[in-house]
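Notes for the structure review
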Amino acid sequence: MPGVVRTVQRAMGKAIRDFQMIEEGDRVLVCVSGGADSLALLRLLQEYREHQRTDFFLVAGYVDLGFSPGAAEKVEALLRDSGAPFRIVHTAIAEMAFDPRATKNPCFICSHHRRHKIYTLAHAERCTKIAIGHHKDDIVETLLLNILYSRKIEAMRMRQEVFRGSMHVIRPLGYIEESLVKRYARNVGLEAVPRMCRMDGNSRRDKIKRLIHELQADEKNANIRSNIFRALYNVNVEFEYKEK
Ligand code: SF4
């Protein structure tokens, strides 16, 4: 039985190959939030570049949302230790997300502005790929979030074209469950920088996470999370409904 490090490396390598996520000469922006998932992604892509023959450039990017005082300095120290070139963008996104005059949900505002900053950074760094640390749980939760709150069936894609194909968003951890990514991070000694956001534990995503967890606890013989993920590969268009 391979250990957790090898298992995660293999699963990521398979995802990269299955979706041709990284090609020769690519410039890859790795989005780092300071959390275990994104730090694991950076480490894994550095290892991948070392072991594969593909020649690509990696740059880490951190968007400081302004939630936690001192967090940016801690993330900067981790990025320095990683040996990867990095860029840090300071923002006031936290303030905008929780502005009492805002008409949208804080997570919507936060994600919208963060995405914009990431795209701007990727353009400035002439990146062809934007790698995000979303794992299988994120993909499953997003699908349910879209169904339950946005009335649409839409999922995060493993490789997603943006700006008419001049850039792609890639999710190399998409085959891997969150618990395994966290175990990998612990195994290789990565220490996440805690984020202090008022929505933590109360976001819609947290509710979905709890729901899946409860279903799973009740259904010992079914892998609920994987079943939802596999459903994305098993769409029966014959049952498509048309709005009347
Ligand atoms: S939980 Fe906090 S950091 Fe995450 S998207 Fe929502 S507002 Fe932003």
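Structural notes, computed from the coordinates. Since the model is a prediction, treat every value here as computed from it, not as a measurement. (Residues numbered from 1 in each chain as written. Predicted model: local features only at pLDDT ≥ 70, side-chain atom pairs only at ≥ 80, totals over all residues. Heavy atoms only, no water.)

So, about the site of the ligand. Around the ligand, the neighbouring residues are F67, C107, C110, R114, R195, C197 and M199. When grouped by side-chain class, the residues that make up the shell around the ligand number 5 nonpolar, no polar and 2 charged. (Near = heavy atom within 4 Å. Nonpolar A, V, L, I, M, F, W, Y, C, P; charged D, E, K, R; others polar.)

Before going further, it helps to spend a moment on the nonpolar core. Within soluble globular proteins, side chains that are nonpolar tend to cluster in buried spots. M12, V30, V32, L45 and L79 are the most contacted members of the largest nonpolar core, which totals 49 residues. At 8 residues, the largest contribution of residues to this core is made by helix α2 (residues 36–51). Excluding residues within four positions of it along the chain, V32 makes contact with S38, L39, L42, A60, G61, Y62, V63, V75 and L79. With 24 residues, the next largest nonpolar core counts V59, L121, C127 and I130 among its residues. (Core = buried A, V, L, I, M, F, W, Y, C linked by side-chain atoms within 4.5 Å. Buried < 20%, exposed > 50% of the residue type's maximum accessible area, 1.4 Å probe, protein only. Helix = DSSP H or I, 4+ residues; strand = E, 2+ residues; numbered from the N terminus. Contact = heavy atoms within 4.5 Å.)

For the rest of this paragraph, the subject is the pairing of strand β1 (residues 27–31). Of all 5 residues making up β1, 5 are buried, and the element is well covered by its neighbours. Of the two faces of β1, the one holding R27, L29 and C31 and the one holding V28 and V30 are both buried throughout. Regarding the hand of the β-α-β motif, the stretch spanning β1, α2 and strand β2 (residues 57–64) is right-handed. Pairing geometry for β1 and strand β4 (residues 129–131), over 3 bridges, is parallel. What sits directly across from V30, in β4, is A131. (Right-handed = clockwise from strand over helix to strand, strands pointing away. Pairing = 2+ DSSP bridges.)

Before going further, it helps to examine unusual backbone geometry. A positive phi angle, close to 40°, is found at Q20, a residue other than glycine. For Q20, the location among the structural elements is in the loop between α1 (4–18) and β1. Judged by relative accessible area, which is 53%, Q20 ranks as exposed. Of note, the phi angle at R151 is positive, near 55°, even though the residue is not glycine. Among the secondary structure elements, R151 is positioned in the loop between α6 (136–150) and β5 (159–162).

The next point concerns the packing of α1 against helix α7 (residues 178–187). At a closest axis distance of 9 Å, the pairing of α1 and α7 adopts a crossing angle of 125°. By the angle class used here, α1 and α7 are oblique. The hand of the α1/α7 crossing is left-handed. For the pair formed by α1 and α7, the contact residues are V4, V5, T7 and V8 on the first element and L180, R183, Y184 and N187 on the second. Among the residues making up the contact of α1 with α7, the classes are represented as 5 nonpolar, 2 polar and 1 charged. (Axes fitted to C-alpha atoms, helices over the stretch in contact; angles between N-to-C directions. Parallel < 35°, antiparallel > 145°, perpendicular 65-115°, else oblique. Left-handed = near helix turned anticlockwise from the far one by under 90°.)

Okay, the pattern of salt bridges next. One pass over the full model with this rule turns up 16 salt bridges. The shortest N-O distance in the salt bridge between E178 and K182 comes to 3.1 Å. Taken together, the positions of E178 and K182, both in helix α7 and 4 residues apart, correspond to about one turn of that helix. Here the salt bridges do not stand alone but share partners, grouping D37, D138, E141, E178, K182, R205 and K209 into one network. (Salt bridge = Lys/Arg side-chain N within 4 Å of Asp/Glu carboxyl O.)

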